[in-house]
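Remarks on the overall topology
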Amino acid sequence: ECFISPEARLFAEPGRAITIKAGSFIGAHAVLHGPITIGKNVGINHHVTMEGGKAGIEIGDHCRIAAYSHIYGFNHRIAVDQLIDDQAVESKGVRLGTDVWLGAHCGITDGVTIGDGAVIGMQSVVTRDVESNSVVAGNPAKFIKWRDEH
């Protein structure tokens, strides 16, 4: 009971499952590489990229992820005494709570947890945890206001 656009690309090899709950949709040209767990009634718009790394991505129920957003559940090390392509990859994973909205062109980096009800402004880069019901924006994303403020 979910919709996956025929143009979307889902990669779920052994140990890197993708689980999608009822009522969710994945738009055209989205690219998802597990492990990823997607809650109920989640909207993933066109051209979204998700890379679960080893630790995975968890998306709570009723989230909206706007077009061209990227979520990466891994990161490369960058020690100066070693070539980039010889360095290990780390994976802490990414967690989005319930009722989270990512505006278009957002980037979410490895290790971030976004609390329930949070809103991430368009073109933001989230490098730190985001509190529940907060609105953040910018590069790097910073607190703007609480969601219930007018």
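Anything mentioned here points back to the structure above.
Below you will find a few notes about this structure. (Residues numbered from 1 in each chain as written. Predicted model: local features only at pLDDT ≥ 70, side-chain atom pairs only at ≥ 80, totals over all residues. Heavy atoms only, no water.)

A tally of helices and strands in the chain yields 0 helices and 21 strands. Here the C-alpha coordinates of the chain stretch approximately 50 × 35 × 20 Å along the principal axes. Within the span of the chain, comprising 150 residues, buried residues form 41% of the whole. For the chain, restricting intrachain contacts to residue pairs at least 6 apart in sequence, the fraction spanning at least 24 positions comes to 18%. Looking at the chain as shown, the accessible area adds up to about 8,200 Å², and 53% of this sits on carbon and sulfur atoms. Within the chain, the 17 negative side-chain charges are centred at a point lying 2 Å from the centre of the 13 positive side-chain charges. (Helix = DSSP H or I, 4+ residues; strand = E, 2+ residues; numbered from the N terminus. Buried < 20%, exposed > 50% of the residue type's maximum accessible area, 1.4 Å probe, protein only. Contact = heavy atoms within 4.5 Å. Areas by Shrake-Rupley, 256 points an atom, 1.4 Å probe, with all protein chains shown as cover. Lys, Arg positive; Asp, Glu negative; His and termini not counted. Charge placed at Lys NZ, Arg CZ, Asp CG, Glu CD.)

The next subject is the pattern of salt bridges. In this structure the tally under the stated criterion is 5 salt bridges. Among the salt bridges present, the one from Glu13 reaches Arg16, with a minimum N-O distance of 3.9 Å. On the accessibility criterion, Glu13 (37% relative accessible area) is partly exposed. Residue Arg16 is classed as buried on the basis of its relative accessible area of 19%. The closest approach of N and O atoms between Arg77 and Glu90, which form a salt bridge, is 3.0 Å. Here Arg77, found in the loop between β12 (75-76) and β13 (89-90), pairs with Glu90, found in strand β13; they are 13 residues apart in sequence, far enough to count as distant. Residue classification places Glu90 among the partly exposed residues on the basis of a relative accessible area of 35%. (Salt bridge = Lys/Arg side-chain N within 4 Å of Asp/Glu carboxyl O.)

The next subject is the pairing of strand β21 (residues 141-146). Across 5 bridges, strand β20 (residues 134-138) lies against β21 in antiparallel orientation. In the sheet register, Val136 faces β21, and the bridge partner there is Phe143. Between β20 and the antiparallel strand that follows it, β21, lie 2 residues. (Pairing = 2+ DSSP bridges.)

To continue, consider the sheet that holds β20. A sheet is described by the order of its strands in space; here 8 strands give the open sequence β1-β4-β7-β10-β15-β18-β20-β21, paired in mixed fashion. One side of each edge strand has no neighbouring strand; the edge strands of this open sheet are β1 (3-4) and β21. In the sheet, strand β15 (residues 101-102) pairs with strand β18 (residues 119-120) via 2 bridges, with the strands oriented parallel. Within the sheet, the bridge partner assigned to Trp101 lies in β18 and is Val119.

As enumerated under the stated definition, the model contains 2 aromatic pairs in all. Centre to centre, the rings of Tyr72 and Phe74 are 6.0 Å apart; their planes meet at 80°, and the pair counts as edge-to-face. Look at Tyr72 and you get partly exposed, because its relative accessible area is 32%. (Phe/Tyr/Trp six-rings, centres within 6.5 Å; stacked < 30°, edge-to-face > 60°.)

Glancing now at the sheet that holds strand β17 (residues 113-114). Ordered in space as β3-β6-β9-β14-β17, the 5 strands form an open sheet in which the pairing is parallel. Both outer strands of the open sheet, β3 (18-20) and β17, are each paired with one neighbouring strand and no more. Across 3 bridges, strand β9 (residues 57-59) lies against strand β14 (residues 94-96) in parallel orientation. Residue Ile57 lies in a different strand from β14, and its bridge partner there is Val94.

Bringing unusual backbone geometry into the picture now. Cis geometry is adopted by the peptide bond preceding Pro35, which originates at Gly34 and carries an omega value of 5°. With omega at 0°, the peptide bond leading from Asn139 into Pro140 counts as cis. Mapped onto the elements, Pro140 comes out in the loop between β20 and β21. In this model, Asp99 sits at a positive phi of 60°, which is unusual for a non-glycine residue.

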